[in-house]
Amino acid sequence: MGLLYYSGQYLSNLGDNVNFFRQQLGIGIIAFVTLLLELTIIRVFDVILDPSVGYMVVTIAMFSLGLGGIYIYFFRADRIDVAKVLPILTLCYAFFTVMVLIFLNLLPFNLGFEGNFFVQIISWVGMYLTIFIPFFISGIILSLIFSTSAKESHGLYFADLLGAGLGCLLMIPLIPVFGPGGILFVLAAMLCIAAFCFSSLSAKGLLVTIPVALALLSYPLIHGQYIEFSGHGNKRGTDLWKEQGRREYVKWDPVSKLEIFSAFNFKYFSLDGGQQASWMMRFDGNIAQFTARRQTLPDEYYFGLNSLVHYLKRDSNADTLVLGAAVGGETHAALAFGARQVDAIEMVGAMVRAAQQEYAPFSGNIFNHPQVQYQTGEARTFLRSTDKKYDVIQMFS
């Protein structure tokens, strides 16, 4: 009898440990999804509207999460069948996470409030609710778990912090692969796993959960290209150019979204939906041709304000640093006026790679020139990390 009692107690403790682990995993996933969803929507708003509007997402998310906790306080968690409600709420969270993509694409709100004023008001309210609902559900889920599992709060809080930290960290490698639209499906897949963790289903329930999660996870990968959000700002005419089919390259970078448009004898490198941009001109790579032109017009020939400093330091073998180089003419001008070495620093790695690889022939391979060190970096960090002295330091924006 003693052996049977011991065995029964052991199995009971083992079952409790398994359930607690599932609860920890579930809350870790909820925290992971919540932080990554917030960062993803911020990046989306940077592109489709404006970075200043993107900060509004932080406010909405914090307000929604807090309101979810207040809702549980007033409606009392002890009256709720948490075992039944949590899996359903988590699946609703997954549904409304994916619906962020659909609703933001359907609603006709725009940055300039153009068109029917009443329609714009309704659309902006709809946009607000689209962001509000998933975070509100997340706040309810987190409040339910912590309010009904106070004795295990230390372990749950650890899982919550770990999930939130991973959500912030993994934004960097995930966004170039999936883009924000694809990340929403990744998050929905993870929430399906969380719903299983919160449920009373046995391990056999994974036979249904895993295929559903894999289907959601694989959809962005088999889509063949990024799942796009519609623009709502037409910044610098880029939304119109996309409608005209002039976009030929797109890449999400952890820093910015890069789109490249064909424009006559130029390539238009657009960042964050037209928030910033740089023109790459067609060039055959023959720097020597400019020597003859300068000999013809020695005191007048230069390319414009962005090359004025190089004109003033012409033929002096200047060591030149260009900060925020993008793909503009500053690097080109420095070489044309006889710079000895050009260090060109650009923060958007996707732009650097595109200029040095796919678009190298178009620019005459100027960014792979032996006298050019074109690299990804942040200007102030680079300046602090180098002891090199420069004759010219240029930041033209």
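Since we're looking at a predicted model, the values are computed, not measured. (Residues numbered from 1 in each chain as written. Predicted model: local features only at pLDDT ≥ 70, side-chain atom pairs only at ≥ 80, totals over all residues. Heavy atoms only, no water.)

1. Thoughts on a nonpolar patch on the surface
Reasoning step 1: On the surface, a cluster of nonpolar side chains totalling about 620 Å² of accessible area is made up of F63, F113, F117, I121, V125, Y128 and L129.
Reasoning step 2: Here the nonpolar patch takes five residues from helix α4 (residues 117–148), the largest share from any one element.
Reasoning step 3: When you line up the elements, L129 lands in helix α4.
Reasoning step 4: Its relative accessible area of 41% is what places L129 among the partly exposed residues. (Patch = residues over 30% accessible without salt bridge, like charges linked within 9 Å, V, L, I, M, F, W, Y side chains within 5 Å. Areas by Shrake-Rupley, 256 points an atom, 1.4 Å probe, with all protein chains shown as cover. Salt bridge = Lys/Arg side-chain N within 4 Å of Asp/Glu carboxyl O. Helix = DSSP H or I, 4+ residues; strand = E, 2+ residues; numbered from the N terminus. Buried < 20%, exposed > 50% of the residue type's maximum accessible area, 1.4 Å probe, protein only.)

2. Side note on the environment of G182
Reasoning step 1: Within the fold, G182 resides in helix α6 (residues 171–198).
Reasoning step 2: Once the C-alpha coordinates of G182 and Q371 are considered, the two residues, 189 residues apart in sequence, prove to be 40 Å apart.
Reasoning step 3: Ignoring sequence-local partners within four residues, the contact set of G182 consists of P220 and I227. (Contact = heavy atoms within 4.5 Å.)

3. Considering the packing of helix α3 (residues 82–106) against α4
Reasoning step 1: In contact at an axis separation of 9 Å, α3 and α4 are set at 160 degrees when each is read in the N-to-C sense. As far as their axial angle goes, α4 and α3 are roughly antiparallel. The two elements α3 and α4 cross, and the hand of that crossing is left-handed.
Reasoning step 2: Residue composition of the contact of α3 with α4, grouped by class: 19 nonpolar, five polar and no charged. (Axes fitted to C-alpha atoms, helices over the stretch in contact; angles between N-to-C directions. Parallel < 35°, antiparallel > 145°, perpendicular 65-115°, else oblique. Left-handed = near helix turned anticlockwise from the far one by under 90°. Nonpolar A, V, L, I, M, F, W, Y, C, P; charged D, E, K, R; others polar.)

4. A few points about the environment of L221
Reasoning step 1: Mapped onto the elements, L221 comes out in helix α7 (residues 206–222).
Reasoning step 2: In this structure, the C-alpha to C-alpha distance between L221 and V47, residues 174 residues apart in sequence, is 22 Å.
Reasoning step 3: Among residues more than four places away in sequence, those in contact with L221 are V177 and F178.

5. Digging into the sheet that holds strand β2 (residues 257–263)
Reasoning step 1: One open sheet holds the four strands; their spatial order is β1-β2-β3-β4, and the pairing between them is antiparallel. Either end of the sheet is taken by a strand with one partner, and the two such strands are β1 (247–252) and β4 (276–281). The sheet shows a mean angle of 20 degrees between the axes of neighbouring strands, direction not considered.
Reasoning step 2: Here six bridges tie β2 to strand β3 (residues 266–271), and the two strands are oriented antiparallel to one another. Each bridged residue has a counterpart across the sheet, and for E259 the counterpart in β3 is S270.
Reasoning step 3: Across the sheet, helix α12 (residues 349–356) touches β1, β2, β3 and β4, and the angle it forms with β2 is around 40 degrees. (Pairing = 2+ DSSP bridges.)

6. Quick look at the sheet that holds strand β5 (residues 319–323)
Reasoning step 1: The strand order across the open sheet formed by four strands is β7-β6-β5-β8, and the pairing between neighbours is parallel. What marks the edges here is a single partner per strand, and that holds for β7 (372–376) and β8 (392–394). The mean angle between the axes of side-by-side strands here comes to 10 degrees, regardless of whether they run parallel or antiparallel.
Reasoning step 2: Strands in contact with helix α11 (residues 329–336) are β5, β6 (341–346), β7 and β8; relative to β6, the strand with the most contacts, it is inclined by about 175 degrees.
Reasoning step 3: Where α12 meets the sheet, its contacts fall on β6 and β7, and the angle it forms with β7 comes to roughly 140 degrees.

7. Digging into the pairing of β7
Moving residue by residue along a regular strand, the side chains alternate between the two faces of the sheet.
Reasoning step 1: Summarising the sheet, β6 and β7 pair through five bridges and their orientation is parallel. Each residue of the ladder has a partner; that of D343, found in β7, is Q373.
Reasoning step 2: In terms of handedness, the path from β6 via α12 over to β7 forms a crossover that is right-handed. (Right-handed = clockwise from strand over helix to strand, strands pointing away.)

8. What about helix α2 (residues 51–75)?
In an α-helix there are 3.6 residues to a turn, and that puts residues three or four apart on one side.
Reasoning step 1: Taking 1.5 Å of rise per residue, the 25 residues of α2 would be expected to cover 36 Å, and the 37 Å separating its terminal C-alpha atoms lies within 8% of that figure.
Reasoning step 2: If you check which residues of α2 are buried, you get V53, G54, V57, I60, A61, S64, G68 and I72. (Expected span 1.5 Å × (residues − 1).)

9. Overview of the nonpolar core
The nonpolar side chains of soluble globular proteins are, as a tendency, buried together.
Reasoning step 1: The biggest cluster of nonpolar side chains holds 60 residues, and the ones touching the most others in it are I30, I41, F45, Y93, I131, I141 and I183.
Reasoning step 2: When contributions to this core are tallied by element, the ones reaching two or more residues are α1 (2–48), α2, α3, α4, α5 (153–169) and α6.
Reasoning step 3: The residues touching I183, leaving out its near neighbours within four places in the chain, are L36, T40, M171, L174, I175 and F178.
Reasoning step 4: Among the nonpolar cores identified, the runner-up in size contains 31 residues, and V327, A336, A350 and F362 belong to it. (Core = buried A, V, L, I, M, F, W, Y, C linked by side-chain atoms within 4.5 Å.)

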